[in-house]
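# Tertiary structure, described
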Amino acid sequence: MFRRCLPPLSLLLAALAGFAGGGAAAAEEKRPWDDIVAAAEGQAVYWNAWGGDEKVNAYIAWVGDQVKERYDVTLNHVRLADTADAVSRVLAERAAGKDRGGSIDLIWINGENFAAMKEQGLLYGPFTEVLPNFRLVDFKDKPTTLIDFAVPTDGYESPWGMAKLNFIYDSARVEQTPGSIPALLDWARAHPGRFTYPAPPDFLGSTFLKQVLVELAPGPDILQQPVASDAQFAEVTAPLWNYLDALHPHLWRDGKTFPASGPAQRQLLDDGEVDITLSFYPAEASSAIASNLLPETARTFVLDGGTIGNTHFVAIPFNANAPEAAMVVANFLLSPEAQAVKQSAEAWGDDTVLDLSKLSEGDRHLFSTLSRGVATLPPDELGPTLLEPHPSWMTAIEEEWRRRYAG
Amino acid sequence: MSVVDLSQGLGLALRQLEITLRQPRGPRRILGPVSLAVPPSEVVTVMGPSGCGKSTLLAAICGTLPPALAVSGRVLLDGEDITTRPPEARHVGILFQDDLLFPHLSVAGNLAFGLPAEVRGRRERRQRVEAALAEADMAGFAERDPATLSGGQRARVALLRTLLSEPRALLLDEPFAKLDVALRARFRAFVFDHARARGLPTLLVTHDPQDAVDAGGPCLQIDADGSLPGSSLSGDRPAGRDNRPGGLS
Amino acid sequence: MSGGPRLAGGDFLRFVPALTLVLFLAPVAAGLVGTWLPAFGYLPVLGGERFTLAPWIHLLAQPGLGESLRLTLLSGLLSTLVTFALVVLLLAACHGGRLLMALHSAMAPLIAVPHAAVALGLAFLIAPSGWLVRLVSPWATGWNLPPDVATVQDPNALALILGLVVKELPFLLLATLAALGQVRADERLAVARSLGYGPVTAWVKAVLPAVYPQIRLPVYAVLAYALSVVDMALILGPLTPPTLAVQVLRWFNDPDLSLRFTAAAGASLQLLVVAGGIALWRLGEIVAGRLGRGWIAGGARGGNARFLRAAAAGPVLLLVTLAVLGLVALALWSVTRRWRYPDALPSAFALETWARQAPEAGAVAGTTLAVGLIAAGIALVLALACLENEQRRGLTLGSRALWLLYTPLLVPQVAFLFGAQVLAIQTRIDATWLAVVWSHLLFVVPYVFLTLGDPYRALDARYARAALCLGARPARVFWQVKLPMLLQPVLLAAAVGFAVSVTQYLPTLFAGGGRFATLTTEAVGLATGGDRRVVAVYAFLQALLPLVAFVGALTLPHLLLRPRHPALDRAPA
């Protein structure tokens, strides 16, 4: 679960390096795939990816073994604490005039970071159209594979895995789980002090607020556009604040104080201080049970109308040293085999971006026999994925929340 | 009492030694001017009330005055002017009231500390230390911890340490004051015997008149404000009154 | 002419005090300026070209600022007041007694344990689902689920106050005990009691007025720390909104670069808060002095006050017990496999957390160790050089120099570290070992100096004089006479310096640019990570390192110095 905030030094470095906006846009990748594979042979890829979870690191290591064996591509996992580090480095390299032979070939990225890089012209591509496995992606039911936080990917990043808001609860203490946001309010009234959410700007807390807004807003399409004006903002978010005003008195600690983060609230669930917590990874509950961080009676539920989800991607910097090998890796990540291994509970438990109906019989079989954690919902029970609102909504909501409840 | 012809250049001599305290308003005289000569093998005693500056005088001679104090005049040792030399280069030994044996060194370590660097080789140095101990009737004490010695033994080791550094003059800052009466006489004799045997000019500061008697040399009186009654301006005779054994001024 | 021509070594020594001052005051001064400028809009790298009050306007418009200020002042002033009152009460009631000696020894290790570890232990101890409740639930309380009461991160910062008192009490107690020796407290007390005053009243009327000026600076340091603490506030203090220092840190870390200006304004506000807090305390001193003089002149004798002994020792014992229990809880968590709510002890033990964290934690511990040793070593060299120079030149440490020494301890870290970081970036030393060690030195040097100063000056000067007159050069006197005799204080000062370095949180973050992970940064960073076992491993290591240093400092001299002759321990008279 990686933090969203950018470390102060990286940004400061970037600012001091004096980055310029815009820049030469890279040309679209049009070479035949076989040429690309041939060029990739013997290349080394430096994949800058978050390294905070042992399971993820192990999976990436497996990927490295596979691409070495099949394509003679050497994969180096550069562990990051924060994606923004990589963004700043590419920025700094461009500012220093390094237009080829850059130190980063592939970045695990999404959301604001992607928007920043795309806007600054720091990405290689578009390239996804040449990846053979790209057509297997489920664009219909997983629209977030093409629209990343309301910003179109336009082929500059290749999807890799799915994240979705879900709720973890202790089945030993909770008999009936709420099926919608209003039902959650009723549940909180019936069980005072047993629910809460992390304080924004924590990612999970902000996502909860977005979920409430998406469910209660007059029309979800408005949220895909940037905030038009203060008046519009007040009007659209009015239901959200009414809801929170009604909810807070029934929250843990009377809504006067909030957990600092998702993991902190998960600890509260384990300690018995709350009965429900939030998560962004459907496999998190099972993983936590296996690590003795949650009781064995922990389970997940989602809301009937769907919950917010997003996709995580890999992108290639404009000055990558080995863009061909990077594309080979990106394509491999989209392969049914790699996606199935990733989804298995033993490896990582991260959901696939593929449309199973597009797969061959044999590949589909890979998925149906996957072990799933005891608390993980199967993909068909996860419900629809709601789109993330435009980033400007989130910033405004966080500020308003602070003004109302943290002042 | 003897008047020594300083043209021979032996012994310790002070010429118009004056110690002043540097102050913003102007210097304040602490002690002096004092002029005296201590011939080799002789003991000159300095007496005075507490706070009159006796210890300061000794500090001026051995060079360990705090920087706030200024010295004018000259200190001569065996004809050489040592007034501006650092203390480690003056070859003036000093004994205090407290033995000040270094607690982290053994007896032998303390004694060897004073041995000049010219004495080379562990065996040579060891031999000197052992010889000194044997001569003082303390053979076998070499590896002892100074804290395990009696007061009298420590005092003797302190003297030996000073003597081993081959001083050319000896200053005594009330070294007998902390010893009990019986021990005092014995130790006093011990010190004077050794000093005389090596021909060291010795300057003794004390409260105890009996020390002066035993020293058998001239006695200098210092007033409470650091002046010397009847101080003369010439440098050849010790200022102050003569002191015959048994008579005090 | 006094003395003689100095040797070359002595000449070099002359520059050390100036060098030391530059080394550790210049970054503070530069950092302050480097934070004031952006506070008024001037930070060219971020586009701030003109001076403007916009950052301040933005700062004052922030929601929750008032509440943050209230929390800061409340926690800072109240914790210092409580600490001071407890120290006075304890010393007055138990002066010289065995109870005091016992408490003194019990508290000494607490000083070594870093703030973050104490805070983490306390946080788990007093939480509604914490150890204290687990020990008595559900058999005594009937709580099958934890009660919904905010005991940690509560809206009045009471948990933070508790944590601050627990950590500052030993420090202030030891500082006061040291000062008592200088004011001849025993004699004053004897005189007052012979005049008919009860023991506690005698202490307060006769000793306290004399000892307070000696401990004024330590009290101010405690107050300044309490008003600007970050790591303890992150763990124990409220978060919505937090204390001012935490809020300023959040702004500094915000992805929105324009908030840097607001953060700089907030940091300057923090400086004003500390200055104001100290000024308020000073005012309190004056008022107390006025009232006190009247009370003293009144002649009330006071009673025997035997119960006060218990009343004083009780709370102090409670606090020490809480701290120790908290640390024990951390140790337990580090070897836990599973520990659910109302169990009094873990249901399953395992060493797997240690095994899994070993490589990572080991590397981090290595960094902490290296930085600490280097900083303590440099500080020791500087302090020894300054002290030796002081003695050779016959100078004495004036009170102005003492204030200078205390400066990094009085200025809130958040108020100058940002400016220092920008300076470091511009001189390209940021995120290097040099920057991190230097930033630690700012706080290590004062503590080492203060710890070493008194013992060094108290060493009988005649030893050095005797050695000089024996023909040893000043350098030899220093190495072969003074230093061996001062081995215990030197080692202790080194241990103190090391402990101070281990406990640093903000300097490592700022100067290290996020690239340096020490046990403290990791422990605080993981505190909300949802896996108490991992936090416990880091916190335990963090507490262990300084403790080992102290134990080493106290036992090493006995091993290094010559063992005594076994047959004789005391010389016959």
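In this text the structure is predicted, and so the values were computed from the model without any measurement.

What counts and how
- Residues numbered from 1 in each chain as written.
- Chains lettered and ligands numbered in written order.
- Predicted model: local features only at pLDDT ≥ 70, side-chain atom pairs only at ≥ 80, totals over all residues.
- Helix = DSSP H or I, 4+ residues; strand = E, 2+ residues; numbered from the N terminus.
- Buried ≥ 20, exposed ≤ 12 C-beta atoms within 10 Å, placed from the backbone.
- Contact = placed C-beta atoms within 7 Å.
- Pairing = 2+ DSSP bridges.
- Nonpolar A, V, L, I, M, F, W, Y, C, P; charged D, E, K, R; others polar.
- Axes fitted to C-alpha atoms, helices over the stretch in contact; angles between N-to-C directions.
- Domains from an automatic or database assignment.
- Expected span 1.5 Å × (residues − 1).
- Core = buried A, V, L, I, M, F, W, Y, C linked by C-beta atoms within 7 Å.
- Parallel < 35°, antiparallel > 145°, perpendicular 65-115°, else oblique.
- Left-handed = near helix turned anticlockwise from the far one by under 90°.
- Arc of directions from axis to C-beta.
- pLDDT = per-residue confidence, 0-100.

Okay, the overall build of chain A next. On a plain count of helices and strands, chain A comes out with 15 helices and eleven strands. When burial is assessed residue by residue, chain A has 51% of its 407 residues classed as buried. Look at the contacts in chain A between residues 6 or more apart in sequence, and 83% of them connect residues 24 or more apart.

Right, let's talk about the pairing of strand β6 (residues 92-95) of chain B for a bit. Residues and elements named next belong to chain B. Every second residue of β6 is oriented toward a common face, with V92 and I94 on one face and G93 and L95 on the other, all of them buried. The sheet contact formed by β6 and strand β7 (residues 169-173) spans four bridges and is parallel. Pairing of L95 across the sheet is with L172, part of β7.

This part covers the pairing of strand β6 (residues 157-164) of chain A. All names here are of chain A. Extensive coverage of β6 is indicated by the burial of eight of its eight residues. The sheet contact formed by β6 and strand β10 (residues 307-315) spans seven bridges and is antiparallel. Residue pairing in the sheet places P159 in a bridge with F313 of β10.

Our next topic: the interface of chain A and chain C. Across the boundary between the two partners, chain A contributes 33 residues, which contact 35 residues of chain C. Elements that contribute at least two residues to the side of chain A that touches chain C include exactly α1 (8-17), α10 (262-271) and α15 (391-405) of chain A. Of all the elements, α1 of chain A adds the most residues to the side of chain A that touches chain C, at six residues. Split by residue class, the side of chain A that touches chain C holds 19 nonpolar, seven polar and seven charged.

Moving on, we come to the sheet that holds β7 of chain B. Residue and element names in this part refer to chain B. Ordered by their spatial adjacency, five strands build an open sheet running β6-β7-β8-β3-β9, and the pairing between neighbours is parallel. Both outer strands of the open sheet, β6 and β9 (219-221), are each paired with one neighbouring strand and no more. On average, adjacent strands in this sheet sit at an angle of 20 degrees to one another, irrespective of strand direction. Here five bridges tie strand β3 (residues 43-47) to strand β8 (residues 202-206), and the two strands are oriented parallel to one another. Note that in β8 the partner of V43 across the bridge is T202.

On to the interface of chain C and chain B. Quoted interface sizes are often the accessible area lost when the parts come together. On the chain B side, the residues contacting the 27 residues of chain C number 37 residues. Residue assignment for the side of chain C that touches chain B shows that the elements contributing at least two residues are α19 (461-469) and α20 (474-485) of chain C.

Next up on the list: the environment of A326 of chain A. Residues and elements named next belong to chain A. Note on placement: A326 falls in helix α12 (residues 323-333). Spatially, the C-alpha atoms of A326 and A406 are 45 Å apart, while their sequence positions differ by 80 residues. Not counting the four nearest positions on each side in its chain, A326 is found in contact with V45, D105, L106, I316 and A320.

The next subject is the domain arrangement of chain A. All names here are of chain A. Domain boundaries assigned for chain A yield domain 1 (8-161 + 310-380) and domain 2 (166-308 + 387-405). A separation of 29 Å is found between the C-alpha centroids of domain 1 and domain 2. Domain 1 puts 17 residues into the contact, and the matching count from domain 2 is 16 residues. For the side of domain 1 that touches domain 2, the residue count by class is nine nonpolar, five polar and three charged.

With that settled, the discussion passes to helix α7 (residues 203-216) of chain A. For an α-helix, the turn length of 3.6 residues means that residues three or four places apart are oriented alike. Residue and element names in this part refer to chain A. Compared with the 20 Å implied by 1.5 Å per residue over 14 residues, the 20 Å span of α7 between its first and last C-alpha is a close match. Counting buried residues in α7 gives twelve out of 14 residues, a clear majority hidden from the surface. Inspection of α7 places L204, G205, S206, T207, F208, L209, K210, Q211, V212, L213, V214 and E215 among the buried residues, and these make up the whole buried set.

Within the largest apolar cluster, 260 residues are counted, with the highest numbers of intra-cluster contacts made by L120, A379, A383, V448 and A539 of chain C. Residues contacting A379 of chain C, with those up to four places away along its chain left out, are L441, V444, V445, V448 and G497 of chain C. Membership of the second largest hydrophobic core comes to 58 residues, among which are V73, L75, V329 and A338 of chain A.

As a further point, take the sheet that holds strand β7 (residues 166-170) of chain A. All names here are of chain A. Pairing in this open sheet of three strands is antiparallel, and the strands run β8-β7-β9 from one edge to the other. Each edge of the sheet is formed by a strand with only one pairing partner; in this case those strands are β8 (276-279) and β9 (298-301). Averaged over all neighbouring strand pairs, the angle between strand axes comes to 30 degrees, with direction disregarded. Sheet topology note: the β7/β9 ladder contains four bridges and is antiparallel. Paired with I168 across the strands is T300, a residue of β9.

Attention now moves to the environment of R74 of chain B. Residues and elements named next belong to chain B. Within the secondary structure, R74 sits in strand β4 (residues 69-77). A residue is classified by how many C-beta atoms lie within 10 Å of it, and R74, with 16 of them, is partly exposed. Note: C-alpha distance between R74 and P33 (41 residues apart in sequence) is 11 Å. Apart from the residues lying within four places of it in its own chain, the contact partners of R74 are R15, D81 and T83.

A word on the packing of helix α2 (residues 16-39) of chain C against helix α18 (residues 433-458) of chain C. Two quantities define a packed helix pair, namely the angle between the axes and the distance from one axis to the other. Residues and elements named next belong to chain C. Interhelical geometry of α2 versus α18 gives an angle of 110 degrees and a closest axis separation of 9 Å. Accordingly, the angle class assigned to the pair α2 and α18 is roughly perpendicular. The two elements α2 and α18 cross, and the hand of that crossing is left-handed. Contacts between α2 and α18 involve T20, L23, F24, P27 and V28 from the former and W438, L441, L442 and V445 from the latter. Taken together, the residues of the contact of α2 with α18 break down into eight nonpolar, one polar and no charged.

Another aspect to go through is helix α6 (residues 181-190) of chain A. Residue and element names in this part refer to chain A. Taken as a whole, α6 has its buried residues at I181, L184 and A188. Down the axis of α6, the smallest arc covering the buried residues is 40 degrees, so these residues share one side. Opposite the packed face of α6, turned more than 90 degrees from it, sit the exposed residues D186, R189 and A190. As for α6, its buried residues are in contact with α7 and α9 (230-247).

Right, let's talk about unusual backbone geometry for a bit. For the bond from G125 of chain A to P126 of chain A, the omega torsion is 10 degrees, close enough to zero to count as cis. Here P126 of chain A lies in the loop between α5 (111-119) and β4 (147-148). With an omega of -5 degrees, the peptide bond between T240 of chain C and P241 of chain C qualifies as cis. Structurally, P241 of chain C can be placed in the loop between α11 (231-236) and α12 (244-252). The backbone of N292 of chain A shows a phi angle near 65 degrees, a positive value even though the residue is not glycine. Turning to its location among the elements, N292 of chain A is positioned in the loop between α11 (284-290) and β9. Despite not being glycine, Q153 of chain C shows a phi value in the positive range, around 55 degrees.

Moving on to the confidence of the model for chain A. Residues and elements named next belong to chain A. Mean pLDDT for chain A: 86, with 93% of residues reaching 70 or above. When the elements of chain A are averaged for pLDDT, α1 gives the smallest value, 48, and α12 the largest, 95. Confidence drops under a pLDDT of 50 for residues 1-10, and excluding neighbours within four residues, the segment shows 27 contacts in the predicted structure. Considering only residues more than four positions removed or in separate chains, one finds that residues 16-25, a stretch of pLDDT under 50, has 17 contacts.

Turning our attention to the packing of helix α5 (residues 98-112) of chain C against helix α14 (residues 306-334) of chain C. Residues and elements named next belong to chain C. Axis separation between α5 and α14 bottoms out at 11 Å; the angle between their running directions is 30 degrees. With respect to α14, the element α5 is oriented roughly parallel. Seen along the crossing, α5 lies across α14 with a hand that is left-handed. Residues L99, L103, A106, M107 and L110 of α5 lie in contact with α14, whose contacting residues are A313, V316, V320 and A323. A per-class count over the contact of α5 with α14 returns nine nonpolar, no polar and no charged.

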